[in-house]
Amino acid sequence: MASPVSPIESRANLGIALVLASQLVLLILDISAKWLSVEGMATTQIVFMRYGMHLTLLLLLFLPVSGFNVMKSNNWKLEILRGFCLLGTTGLNFLSMRYLPLTVTSAILFTSPLLICALSGPLLGDKVGWRRWLAIGVGFIGILVIVRPGSEAFQPTALLSVGAAFFLALFSILTRKLAGVDSAATQQFFAGATPVILLAPIAFTDWVWPTQPISWIAFLIMGAAGLGGHFLNSVAHRFATPATLAPFSYLSLLYLALASWLIFNQPPDQWFIVGAAIIILSGLYIWLRERQLSKPEVTPVNEPA
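Residues numbered from 1 in each chain as written. Predicted model: local features only at pLDDT ≥ 70, side-chain atom pairs only at ≥ 80, totals over all residues. Heavy atoms only, no water.

Colleague: A description of unusual backbone geometry should follow, citing residues and the corresponding values.
Modeller: For N265, which is not glycine, the phi dihedral falls at a positive 55°. Note that N265 resides in the loop between helix 11 (252–264) and helix 12 (270–294). A relative accessible area of 63% means that N265 is categorised as exposed. (Helix = DSSP H or I, 4+ residues; strand = E, 2+ residues; numbered from the N terminus. Buried < 20%, exposed > 50% of the residue type's maximum accessible area, 1.4 Å probe, protein only.)

Colleague: Outline the packing of helix 3 (residues 76–97) against helix 7 (residues 158–178), supporting the account with residue identities and numerical values.
Modeller: Helix 7 packs onto helix 3 with a crossing angle of 155° between their chain directions and a minimal axis gap of 8 Å. Comparing their axes, helix 7 and helix 3 come out roughly antiparallel. In terms of crossing hand, the pair formed by helix 3 and helix 7 is left-handed. Considering only residue class, the contact of helix 3 with helix 7 consists of 15 nonpolar, 7 polar and 3 charged. (Axes fitted to C-alpha atoms, helices over the stretch in contact; angles between N-to-C directions. Parallel < 35°, antiparallel > 145°, perpendicular 65-115°, else oblique. Left-handed = near helix turned anticlockwise from the far one by under 90°. Nonpolar A, V, L, I, M, F, W, Y, C, P; charged D, E, K, R; others polar.)

Colleague: Would you mind going over empty space enclosed by the protein in detail, with residue names and values included?
Modeller: Evaluated as defined, the whole model comprises 1 cavity of 30 Å³ or more. Taken as a whole, the largest cavity spans an internal volume of roughly 510 Å³. Q23, L26, F110, L168 and H230 are, among the 33 residues lining the largest cavity, the residues nearest its centre. Listed by contribution, the elements that provide at least two residues to the lining of the largest cavity are helix 1 (12–38), helix 3, helix 4 (102–109), helix 5 (112–124), helix 7, helix 9 (213–236), helix 10 (242–245) and helix 11. When grouped by side-chain class, the residues that make up the lining of the largest cavity number 18 nonpolar, 13 polar and 2 charged. (1 Å grid on protein atoms, 1.4 Å probe; cavity = no way out; pocket = protein on both sides within 12 Å on 5 of 7 lines; lining within 4 Å. Points joined across faces, edges and corners; volume = space filled by probe spheres on them.)

Pasting the structure below:
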C-alpha cells in the first residue's frame with residue numbers, strides 16, 4: 001500500500017468551498033459543450049477546441065509571470081497520465097451529451113465518488129471510515145433514484161457516462177497525488193497540452209466552424225471555463241482529500257438541472273428532485289462529520305484540591 005498523501009493544509013471547509021466554486025464555473029463548460037453537440041459539431045472538434053483555448057489562455061496568463069517554469073514538472077509521467085484521464089472523461093462525457101439529457105449524464109458521471117473511495121486506499125493510503133462509506137453509498141442510492149434502472153439512462157449510450165466516471169475517479173486521485181508535487185498552473189498546463197497533442201492528428205478532419213453568434217460564444221468560452229474550473233479544483237485538493245471533496249461535486253446536479261430546463265427545455269422530473277435531495281443530504285453529513293473530526297480534542301485538567 002502506498003504511503004498516505006497529506007494535504008498541504010488540513011482545511012476541509014476551504015477545500016469544499018473551492019470545489020463548489022469550480023462546479024459553478026464548469027457548468028458553463030457543460031452548457032457550451034451540450035449546445036455545440038446539439039448544433040451537430042463533431043465531438044473531437046469540441047474537445048480539441050475546449051483544450052486548445054484552455055492551453056492558449058494558460059500560456060498567455062502564466063508565461064509572462066513564471067516563464068517556462070510552468071511547463072516543468074517534478075513528475076511528468078503522472079501529469080501526462082492525469083491529462084489522458086481528463087481527456088477520457090471529457091470526450092466520453094461530451095459524446096454522451098449528444099444522446100442523453102444533462103441531468104442523466106451528470107448523474108451517472110457522479111458515481112465516481114464511489115470509485116474514488118475504493119481507489120483512495122490502495123493508491124493514496126487514505127483511511128475511509130464506515131460513516132463516510134455509508135454517506136457516499138446513500139448518495140449512490142440518490143443517483144439510482146434519478147436514473148432509474150430500465151429508463152433511458154440505461155441505454156447503451158449510458159455506458160459512455162460510466163466510462164467517463166471511471167476516468168474522472170482516476171483524474172481526482174492523480175490530482176491529489178500531484179497536489180504537493182507541482183503547482184496548480186503546471187497541472188493545468190499538462191491537463192491542456194496532453195489532450196491537444198493527442199487530438200491534433202484527427203481534430204481537423206472535416207472541421208466545421210460555428211454558424212450562429214451564440215455558438216461562437218460557446219465555442220470560445222469553453223476553454224476559459226475549463227481552465228478556471230479545473231484550476232479551482234486543483235487548489236481545492238491542496239486542502240482536503242478526494243474522499244472528502246467528491247460528494248460535494250454532487251451539488252452540480254442542481255446547477256445542471258436548472259440549465260437543462262431553462263436552456264434545453266429538458267426539465268427535471270420528480271425522481272430527479274428526490275434523488276438530488278438524497279445526494280445533497282449525504283454531502284452535508286460528510287461536511288458535518290469533517291467539522292467534528294477537525295475540532296481539537298480538549299483534555300480535561302484536574303483542578304488542585
